[in-house]
Amino acid sequence: MKYNPQVIENKWQKVWEENKVFKVEKDNNKPKYYCLEMFPYPSGKIHMGHVRNYAIGDVISRYKFMKGFNVIHPMGWDAFGLPAENAAIKNKIHPAKWTYSNIENMKMQLKKMGLSYDWDREVATCDPEYYKWEQMIFLQMYEKGLVYRKKSLQNWCNDCHTVLANEQVEDGRCWRCGDIVEKKEINSWYFKITDYAEELLDWTYKLPGWPEKVLVMQRNWIGKSYGAEIDFKVEGEPTTITVFTTRPDTLFGATFMLLAPEHPLSKELLKGTDREKDGFEFIDGILKEDKISRMADDKEKKGFFTGKYTINPLTGYKMPIYIANYILMDYGTGAVMAVPAHDQRDFEFAKKYNLEIIIVIKPLDRELDPSKMTEAYTEPGIMINSGKFDGMNSEEAKTAITDYLLSQSIGKRSVNYRLKDWGISRQRYWGAPIPIIYCDDCGIVPVPYENLPVRLPLDVEFTGIGNPLDRSESFKSVECPKCGKPAVRETDTMDTFVESSWYFLRYCSPKNDKAPFDKDEVKYWMPVDQYIGGVEHAILHLLYSRFYTKVLRDLGYVDFDEPFERLLTQGMVCKETYRCGEHDWLFPEEVVDGKCKHCGKAVEIGRVEKMSKSKKNVVDPDNLINEYGADTARLFSLFASPPEKDLEWNEQGVEGSFRFLGRVWRLIHKNIALFSEELSDNGEESKVSKDILYYMHSAIKKVTLDIEKYQLNTAVAAIMEYSNNLSDIEPQIKTDKERYLFREALRSLIILLAPFTPHISEELWNVTGHVGLVSRYEWPTYDDRYTFRDDVTIAIQINGKVRGEIVIQRGSDEGFVLSLAKSDEKIKKYLEGKQLVKEIYVKEKLVSFVVK
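Residues numbered from 1 in each chain as written. Predicted model: local features only at pLDDT ≥ 70, side-chain atom pairs only at ≥ 80, totals over all residues. Heavy atoms only, no water.

### Quick look at the sheet that holds strand E32 (residues 791-798)
We apply this condition: We treat two strands as partners when DSSP finds at least two bridges between them. Helical segments are the DSSP runs of H or I of at least four residues, strand segments are the runs of E of at least two, and each set is numbered from the N terminus. Axes, fitted as lines to C-alpha atoms, cover a helix only where it is in contact. Angles between the N-to-C directions of the axes lie from 0 to 180 degrees. It only takes one pair of heavy atoms within 4.5 Å for two residues to be counted as in contact.
Taken in spatial order, the 4 strands make up an open sheet running E33-E32-E35-E34, and their pairing is mixed. Edge positions in the open sheet fall to strand E33 (801-809) and strand E34 (836-842), since each of these has one partner strand only. Each strand of the sheet is rotated relative to its neighbour by a mean of 20°, with strand direction disregarded. Of the strands in this sheet, E32, E33, E34 and strand E35 (846-851) are in contact with helix H25 (residues 814-823), which crosses E34 at around 120°.

Given below as structure tokens:
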């Protein structure tokens, strides 16, 4: 029989679905295991990143079930978001219809991969029965003071009448209409994630199952720093500017003040002055720039003098107040005391605008001259030009100067966090409505719980201008729940990260219509034992999920602190790019023999990089599965690279995976008669029987331990080696005992393959006469007695180079081994006529001779 993956894969997918093989229920008599991959946005098609991510999770889930765990492995859809609205505008199709159509298509694709999902637990975040509970939790957070509303600067497009996300602003213009984007103060809703900053930070040191790089990213994002808050009075005005600094030791060297363009005082200090017009234009111009580029080290430092001065509280120095492009409101107070001698960016700014540089810290071994400095001195040193603090070590001075500021009531110790509160307002339609009503008499009024969910209206028009909910009178106009007078509903919807911050809890009881989730189910299933997803989610989704879980804990919903015990961040799938001078980027299938199939010109092969639609270096999983089968797609994505590393696409590697499965198929079918024979393991041991036991138990041990460590690529390599060993020893089998052991070895091969390539494994399990499914069979165990051989092959080195090898019995005497090595014909020629300087024996591993 020929290996035909299309036939057998459809067959077993149907068996699994009809028999609900992966449906799971709470079982207090079994240990649970919750395996979860980050759920996808329903864009309409899965990509190779999905294939890799979900294949990793599927191996872990299937393996854990076979090891006796009660495994929950759910899937759903992160279904709200801007792309659905864009599709509605472009294709004149409602976002709901577009989204649910994409869900059906992607669900069909995922089923073709043979993934062990319990589809009865499926959720879609755009379902009112999902976001109803999110709205309820929002109201409970509001009651607890964890939600508030304030004005903040947002990207605003006047032509489209809408707020834009940072990624929708391209070179200061709207991505859709090209109009210049301005900053506009808009009322927005916020979650007080900063209330949990310290706990979120503390727990990054208590999550051993997480990659350190993710924890470091979160620590940096939270950005805890110790320092002082210092008050600077504005000359001639009642205004005070408060700064946060981690370097109070440099205060005597502060010679000018910098404000972020977003700082409220930036425009306030300019109003009514002859600098107002130019200053406002400068501010508006800077605010159109991307924040990240503003902070870049090589970015030109730009400033605008307000015409006002503030007074250094320790020196009395009149410090000119500038508005600067590289200062942001996202850190500290949005105001910076500039110390150009000891901060590189301030140094560059001072040089550009000819501002005074005062040295207050000097190195131990030399003096510094401001006129000759080419860069700021930022290291610790000895205090100078600092009054009574002169001569003190600068590190000690940080505390001493802070103490002095405190005694003079002009400063205080402070802890600052880079983390800011989470702005959840989105001026979009396709999102969960924020359950708030505005009444002229009653103010902000929460929607009563009994009126939830606040449903998205379906009868809205998509023009691309503004938020459609603002034009929906049936949605917007309501009665005030308190006084009954006419009122208006909030038309902002929630950030989609809110939905993804608790979906893993809803999976535990997705049909619950009395609460967000059943507490008993959550108590059994949570926390997630293994979470799998991209590292790009390290500081948004993963941080928000941790915050949301802690909020739910404090609201009495859950009794644990963290949602994810272990985290695996898989690498990207990468491929070389193809480019034609006539047709720009080309899909792989548009390249034939190195030439563009459209014009015949030679194609430029670019570097290997992440697969992306824009550069067309993508492989369609459907085409791959249709040609080679899902098992091959899974096997290649698991074998080609460790899970946490990037995977470089290789067509030969795909074909190699397919050929390997074909060899396994033929090996089993060639020996299928063994499975119906009456055989036993009675009889004398032979070298062949010992070899079979060694191959089998060594393979089981290696694959088991590698899966436990998530080294799935080496686990696959071990299975391939095992299969090759069985093929090699097959012709040597003669006795009934050897035939019996060989049959057991073949059985083990099928079982070991089952988590990786489930379809071919089920088929081989079935054709060899086994009852039931291999995916529900127990994982094999190994006996360490059989993972060691009586004989061992050791290498022989001459002057550090391997020149041969010998086979010895374990426990052989050192003298015997050295003598045997010297007598080897390959080694003799390297020793003849040479002086033997040294001979080394590393027990049962290596013989090394040094000659001259």
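Having seen it, we continue.
### So, the sheet that holds strand E2 (residues 70-72)
Pairing within the open sheet is parallel, and its 4 strands lie in the order E2-E1-E24-E25. Bordering the open sheet on either side are E2 and strand E25 (567-569), each of which pairs with just one other strand. Averaged over all pairs of adjacent strands, the angle between strand axes in this sheet comes to 15°, irrespective of strand direction. As paired strands, strand E1 (residues 32-37) and E2 are joined by 3 bridges and run parallel to one another. Following the sheet pairing, tyrosine 34 is matched in E2 by isoleucine 72. Of the strands in this sheet, E1, E2, strand E24 (530-533) and E25 are in contact with helix H2 (residues 48-66), which crosses E1 at around 170°.

### Some details on the domain arrangement of the chain
Which entries qualify depends on this criterion: Residue ranges assigned to the domains are those given by an automatic or database domain assignment.
By domain assignment, the chain separates into domain 1 (25-126 + 497-570), domain 2 (147-191), domain 3 (224-417), domain 4 (573-633), domain 5 (650-786) and domain 6 (791-851). Relative placement of domain 5 and domain 6: their C-alpha centres are 35 Å apart.

### Side note on the UniProt feature "binding site: ATP" (unreviewed entry) in the chain
Applied cut-off: UniProt positions are given in the numbering used here, feature names are shortened, and annotations may be inferred rather than shown by experiment.
UniProt feature "binding site: ATP" (unreviewed entry): in the numbering of this structure it lies at Lys613. With respect to the helices and strands, lysine 613 occurs in the loop between strand E30 (604-610) and helix H18 (621-628).

### Side note on the packing of aromatic side chains
The cut-off we apply is this: In summary, the pairing rule links any two rings of Phe, Tyr or Trp, Trp by its six-membered ring, whose centres are within 6.5 Å, and it sorts them by plane angle into stacked for under 30 degrees, edge-to-face for over 60 and tilted for everything else. Type-normalised accessible area, obtained with a 1.4 Å probe on protein chains alone, sets the label of each residue: buried when under 20%, exposed when over 50%, and partly exposed for intermediate values.
If you walk through the whole model with that rule in mind, you get 46 aromatic pairs. Plain terms: the ring middles of tyrosine 33 and phenylalanine 69 are 5.9 Å apart, the flat faces sit at 70° to each other, and that makes the pair edge-to-face. On the criterion of sequence distance, the pair formed by tyrosine 33 in strand E1 and phenylalanine 69 in the loop between H2 and E2 is long-range, its members being 36 residues apart. Residue classification places tyrosine 33 among the buried positions, given a relative accessible area of 7%. On the basis of relative accessible area, phenylalanine 69 is assigned to the partly exposed category, the value being 23%. Considering the side-chain rings of tyrosine 41 and tryptophan 98, the 6.4 Å spacing of their centres and the 40° angle between planes classify their relative orientation as tilted. Of the two residues, tyrosine 41 sits in the loop between E1 and H2 while tryptophan 98 sits in helix H4 (residues 95-112), which places them 57 residues apart along the sequence. With a relative accessible area of 16%, tryptophan 98 lands in the buried category.

### Some words on the pattern of salt bridges
Spelled out, the test is: A pairing counts as a salt bridge when a side-chain nitrogen of Lys or Arg comes within 4 Å of a carboxyl oxygen of Asp or Glu.
A complete count under the given rule lists 56 salt bridges for this structure. Between glutamate 268 and lysine 271 there is a salt bridge; the shortest N-O distance is 3.7 Å. Residue classification places glutamate 268 among the partly exposed residues on the basis of a relative accessible area of 45%. One salt bridge in this structure joins aspartate 441 and lysine 485, with 2.5 Å as the shortest N-O distance. On the criterion of sequence distance, the pair formed by aspartate 441 in the loop between strand E19 (436-439) and strand E20 (443-446) and lysine 485 in the loop between strand E21 (477-479) and strand E22 (486-489) is long-range, its members being 44 residues apart. The exposure class of lysine 485 is partly exposed, given its relative accessible area of 44%.

### Brief notes about the pairing of strand E10 (residues 256-259)
Because side chains alternate across E10, one face comprises the buried residues Phe256 and Leu258, and the other comprises Met257 and Leu259, equally buried. Where E10 meets strand E13 (residues 335-338), 4 bridges bridge the pair, whose relative direction is antiparallel. Counted as the bridge partner of leucine 258 is valine 336 from E13. Note that E10 and strand E12 (residues 318-324) share 3 bridges and pair parallel. Counterpart to leucine 258 in the pairing with E12 is tyrosine 322.

### Points about the pairing of strand E7 (residues 181-191)
Every other side chain in a regular strand lies on the same face of the sheet, so the side chains alternate between the two faces. Relative to E7, strand E3 (residues 147-157) runs antiparallel, the two being bridged by 11 bridges. Counterpart to leucine 153 in the pairing with E7 is glutamate 185. Inspection of the sheet shows E7 paired to strand E17 (residues 422-423) by 2 bridges, in the antiparallel sense. Directly across from tyrosine 190, in E17, lies its bridge partner glycine 423.

### So, the environment of leucine 146
Within the secondary structure layout, leucine 146 lies in the loop between helix H5 (128-143) and E3. We classify leucine 146 as buried; its relative accessible area is 9%. Residues leucine 146 and glutamate 450 lie 304 residues apart in sequence; the distance between their C-alpha atoms is 21 Å. Those residues in contact with leucine 146 that lie beyond four places of it in its chain are Met141, Tyr190, Phe191, Lys192, Asp195, Tyr196 and Val551.

### A few points about the state of the cysteines
Spelled out, the test is: Disulfide: a pair of cysteine sulfur atoms within 2.5 Å of each other.
For the structure shown, the criterion picks out 0 disulfides. Here cysteine 157 stays free of any disulfide, with the sulfur of cysteine 177 as its closest cysteine sulfur at 3.5 Å. You can call cysteine 157 buried: its relative accessible area is 0%.

### Some details on the nonpolar core
Heads up, the rule is: In plain words, nonpolar cores are sets of buried Ala, Val, Leu, Ile, Met, Phe, Trp, Tyr and Cys residues tied together by side-chain atoms within 4.5 Å.
Counting 116 residues, the largest nonpolar core has Tyr34, Phe138, Phe191 and Leu505 as its most contacted members. For this core, the element with the highest residue contribution is H5, accounting for 8 residues. In this structure tyrosine 34 touches Ile72, Pro74, Phe504, Tyr507, Cys508, Trp525, Met526, Pro527, Val528, Asp529 and Gln530, once residues within four positions along its chain are discounted. Among the nonpolar cores identified, the runner-up in size contains 65 residues, and Trp12, Val21, Leu712 and Val774 belong to it.

### Description of the UniProt feature "short sequence motif: 'HIGH' region" (unreviewed entry) in the chain
Per the UniProt annotation, the sites labelled "short sequence motif: 'HIGH' region" (unreviewed entry) are residues 40-50. Each end of residues 40-50 is marked by a C-alpha atom, and these two atoms are 8 Å apart; helix forms 27% of the span and strand 0%.

### Side note on the side chain of aspartate 691
Mapped onto the secondary structure, aspartate 691 falls in helix H21 (residues 687-708). Look at aspartate 691 and you get buried, because its relative accessible area is 8%. Excluding anything up to four places from it in sequence, aspartate 691 contacts Ile729 and Arg789.

### What about the packing of helix H19 (residues 630-639) against helix H20 (residues 651-670)?
The description of two helices packed together rests on the angle between their axes and the distance between the axes. Note the threshold: An angle counts as roughly parallel when it lies under 35 degrees, as roughly antiparallel when it exceeds 145, as roughly perpendicular when it falls between 65 and 115, and as oblique in every other case. A crossing counts as left-handed when the near helix is turned anticlockwise from the far one by less than a right angle, and as right-handed when that turn is clockwise. Under the grouping applied here, Gly and all other residues not named as nonpolar or charged are polar, the nonpolar ones being Ala, Val, Leu, Ile, Met, Phe, Trp, Tyr, Cys and Pro and the charged ones Asp, Glu, Lys and Arg.
Contact pair H19 / H20: the axes reach a minimum separation of 9 Å and the direction vectors enclose 120°. The orientation of H19 relative to H20 falls into the category oblique. Along this stretch, H19 crosses H20, giving a crossing that reads as right-handed. In contact with Asp631, Thr632, Leu635 and Phe636 of H19, H20 contributes Gly653, Val654, Ser657, Phe658, Phe660 and Leu661. Classifying every residue of the contact of H19 with H20 by side-chain character gives 6 nonpolar, 3 polar and 1 charged.

### A word on H20
How we decide: How far a helix is expected to stretch is found by multiplying one less than its residue total by 1.5 Å. The definition of a polar contact used here is a pair of N or O atoms within 3.5 Å, where within protein one atom must be able to donate a hydrogen and the other to accept one, and adjacent residues in sequence count solely through side-chain atom pairs.
An ideal rise of 1.5 Å per residue puts 28 Å on 20 residues; H20 measures up with 29 Å between its terminal C-alpha atoms. Burial in H20 covers these residues: Val654, Ser657, Phe660, Leu661, Gly662, Val664, Trp665, Leu667, Ile668 and His669. Packed against the buried residues of H20 are helix H1 (5-18), H18, H19, helix H22 (712-729), helix H23 (736-753) and helix H24 (758-767). For H20, the N-terminal capping position is held by asparagine 650, with its side-chain oxygen 2.8 Å away from the main-chain nitrogen of glutamine 652.

### Quick word on the environment of glutamine 344
Tracing the backbone shows glutamine 344 in helix H11 (residues 344-353). Between the C-alpha atom of glutamine 344 and that of glutamate 375, which follows or precedes it by 31 residues, the distance is 6.3 Å.

### Considering the side chain of asparagine 617
Relative to the helices and strands, asparagine 617 resides in the loop between E30 and H18. Within polar-contact distance, the side chain of asparagine 617 engages the backbone oxygen of lysine 575 at 2.9 Å. If near-sequence neighbours (up to four positions away) are discounted, asparagine 617 is found in contact with Lys575, Glu576, Thr577, Glu609, Lys610, Met611 and Ser612.

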